[in-house]
Amino acid sequence: MKKERVTLTLLKTLGSCRRRFHKTPNVAATHHHHLQPTMEEPQQLHSHRYSFNPTLNWNPEVQNYFAKAYGADRFSRISTALTRPSRYSCIRVNTMRSTSNAVIEKLQAILKESSSGSGDFSEVGANGNQALVESEDGDNNNNNPLRGDCLGAGAVSKCQIPGMEYVVFVWGSGPRDIDYGYAPDRPPKEVIVSRKCAEAVLRGAQVYVPGVMACSAHVEKGDTVAVSVAVEQKGVDGGWGIGMTRGTVLQGSPADPYYFERNGLYIGQGTAMMSRAGLFRVPEGVGVDMKNRVYELHSFHNVLEGEIFLQNLPSIVAAHALDPQKGERILDMCAAPGGKTTAIAILMKDEGEIIATDRSHNKVLDIQKRADEMGLSCIKAFKLDALKSVSRHINASTGPNSCDANNGVANQVSDSSNVQREGMSSIVTERLKTEVMVENGNGEKANGKVYVSKADIRKSLRRARNGPGRNQSLGGRVDGSKGFSPNSFDRVLLDAPCSALGLRPRLFAGEETVESLRNHGKYQRRMFDQAVQLARPGGVIVYSTCTINPGENEALVRYALDKYKYLSLAPQHPRIGGPGLVGSCEFPDGYVEEWLRPGEENLVQRFDPSSPLDTIGFFIAKFVVGSKDG
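Residues numbered from 1 in each chain as written. Predicted model: local features only at pLDDT ≥ 70, side-chain atom pairs only at ≥ 80, totals over all residues. Heavy atoms only, no water.

Going by this rule: UniProt positions are given in the numbering used here, feature names are shortened, and annotations may be inferred rather than shown by experiment.
In the nomenclature of an unreviewed UniProt entry, the protein is known as rRNA (Cytosine-C(5))-methyltransferase nop2c of Stylosanthes scabra. Under Sequence similarities (unreviewed entry), UniProt gives the following word-for-word description of the protein: "Belongs to the class I-like SAM-binding methyltransferase superfamily. RsmB/NOP family."

**A look at the sheet that holds strand 3 (residues 156-158)**
Selection criterion: Two strands pair under a simple rule: DSSP has to find at least two bridges between them. Think of it this way: any DSSP run of H or I at least four residues long counts as a helix, any run of E at least two long counts as a strand, and we number them from the N terminus. With axes taken as lines fitted to C-alpha atoms, and helix axes fitted only over the stretch in contact, angles between N-to-C directions fall between 0 and 180 degrees.
Taking strand neighbours across the sheet as the criterion, the four strands line up as 3-4-1-15 in an open arrangement whose pairing is antiparallel. In this open sheet, the two edge strands, each paired with only one partner strand, are strand 3 and strand 15 (308-310). This sheet shows a mean twist of 30 degrees between the axes of neighbouring strands, independent of strand direction. In the sheet, strand 1 (residues 88-93) pairs with strand 4 (residues 167-171) via five bridges, with the strands oriented antiparallel.

**So, the UniProt feature "active site" (unreviewed entry) in the protein**
The condition that has to hold: Note on definitions: a residue-residue contact is assigned when non-hydrogen atoms from the two residues lie within 4.5 Å.
Per the UniProt annotation, the sites labelled "active site" (unreviewed entry) are C546. Position of C546 among the secondary structure elements: in the loop between strand 21 (535-545) and helix 13 (554-563). Ignoring any residue separated from it by four or fewer positions in sequence, one finds C546 in contact with C498, A500, L501, G502, L503, I616, G617 and F618.

**Things to note about the side chain of N549**
As a reminder of what qualifies: We call two N or O atoms a polar contact when they sit within 3.5 Å, provided that within protein one can donate a hydrogen and the other can accept it, with sequence-adjacent residues counted only if both atoms are side-chain atoms.
Within the element layout of this structure, N549 appears in the loop between strand 21 and helix 13. For N549, the side chain forms a polar contact with the main-chain nitrogen of G551, separated by 3.0 Å. Among the polar contacts listed, one links the side chain of N549 to the side chain of E552, at a separation of 2.8 Å. Apart from the residues within four sequence positions on either side, N549 is in contact with Y65, F66, S499 and L517.

**What about the pairing of strand 14 (residues 286-293)?**
For the record, the criterion: Relative accessibility under 20% of the residue-type maximum defines a buried residue, over 50% an exposed one, and the middle range a partly exposed one, all with a 1.4 Å probe and only protein chains included.
Counting buried residues in strand 14 gives six out of eight residues, a clear majority hidden from the surface. Relative to strand 14, strand 7 (residues 207-208) runs antiparallel, the two being bridged by two bridges. Bridge pairing in strand 14 places Y208 opposite V286. Alignment of strand 13 (residues 266-272) against strand 14, held across five bridges, turns out to be antiparallel. Along strand 14, the bridge assignment pairs G270 with M290.

Shown next as C-alpha cells:
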C-alpha cells in the first residue's frame, strides 16, 4: 500500500503584479509527524510511523514570505527537498597532488572493500539485507544530469562540466523503506538522537554517543535498534527545545516522550555498540553502527587526506566564477573552513597570493591546517573581522590607494611572517611544552619569556579535568591583521555568513523570523561595503551564500548596483544554476524589498535544492569593478 504523503499547507491565493504582493494572510506550516492514532488499520498506522517523511515547521511569516517569492508549489518542493540529503557526494580532487582518474581508482577500491566488509554498497546499490526495499514514492536519482551513464549506489563518475573534470561524484541512493521488525506485542528497541546528530547520519555519519538522547530499556551491546530523531518543538514560553532529559528510558508505548512526534522521523536501523548504561556513561565513541539507512551515502572522513576535499558543487562553481589567474592577489573574506580558499589556490596552480581571513582563531587554524594538508603555499591566513577588513591606518608614505610595505597588510600582528605555515604537529608540540603562553598587546612574546597567570593556571586545570570546551582555542598561533589597503586586491570572494537556509538535510527551521532574516541582510551589506573598497578598479568581486532567502541574495545585488554605480554584473562560467528572482516584495509593515530587474536574472546563479541537480540551496553573483573616479 502506498503510504500517505502529507505536504505543507500553503497560501491558496498570492498577489501578482511583477512579484509585488500586498496584504497576504500569514499561514503556518503544519507538522504531520505527530498525528494521533486514528481508526487506520494497525499495519497502515505503523507503516506510516516507521518511515522517513519529515516536513519543515517554518515561522508563519517566513513561510508566507517564501511562498510569495517562489510561489506556493515551488516553495513546497524546496521545503521538502531541504529535509533530504543530496544523493551523491561531490569530491574535489587536489590536482597539485593527484588526478581524477587516480582518485576514482582509489575510491572504487575503498568502496569495494566497504561493500565486502559491511554490505553498504554494491553495483546496484543493495546492501545485501532483505529488510531494505526501495521506497515506492521516493524520488530517484537517475534523472540528475550530472549522473550521465553512471548507475547504482557506490558508482563513481567524473564531472562532465567543461573545466571541472577534476570534480568526482560518488553516487548514493534513497529514500528507502526499512522493515524495523514491528510486532504488536514486540515493538522494536529504539534510540532517539538529537536533530544535529540525525542530520549528520543522513549524510553518512555514524551515531556517536553525544548525540544519543534516549534509549529503550534493556538495550545491550549487539542489539538491533531503530533510530529516530527528536526535532525541536515550540514550548509554552515561546522558546524551542526537545523537552527531553538525556538518558530518558523508552518503553515502546504511546506514553514515551515524543512518541507521536517521531511519526515519520525514523532515519534507519543499526547495531548498538554498547549497552544502554554505556551510551550515557562514556563521553565519546560510536554508539550505534548504522547498518540500514534511509539514505545510503558513503562517509569520507579521513579518506585520502590531502588528495581530495568533500565540497558542495555550488561552492566549487563559486571559486570558478571568481576566475582567479596566476600571479594575482586575491582576498577570501570569511574564508573558514578553507574549502573555497584551497579551490582558488589550485585553480591558480599555487602561483600568486591568497589572503584568507576569519575572525575566529580556531577557524584560522583550520584554514592553515587544510592548506598544509593539500601542500599549498600561496595561502596566508589571518585572524580578522570582515567588518574591519579595510585598514584605518594607512601608511602615509604610500598613500591610501597603494599597498604598504606589508603588501597591503596594515599593522600585521605577528613576530614572524611564516607563523601561519607552521605544521599543526609542531604547534601542538609547542603547546604541550609551554602549557600556557600569554602574549602582550601586540601579539608578541613579552621579552621572549613565558608568563603564566593564575587565571591561565585555573583554565588549564579545568581543561585537564573536563576536556577542551567547544569554543576553546586549539592552542596554535595565528597571525592577526588590522586590515588591508584600499584597492589592494585583484579579486575578492565574499562567501558571506548567512541564514544557511539552503543547507541540507535540514530538519528544523522554526527559529528564523522575518526580522532575523532582515538582520542577516544588513550584516552582509556591511561586509560587502568592505569588499568594494578592497577590490581595485578593473577587479572582480564574487558574492555567494548558502541560503534560499532572497533578502540575502537578490536584495544584496540590488543594494550593490544601486549604491555603487561603478559595479556591474558579469557573466559566470560555468553556468549551471538557475536564474535569480525578479521583482520585489512588500511586507505587512510597509517595507519593500527590491530584487533583480528584468535582464539581470541570468547574470546570477541560483541553485534550487529541488532541481534535478540535487544540490544545496546556493546563490552566486559576480561583479566587475569599474573606475572609482568621480
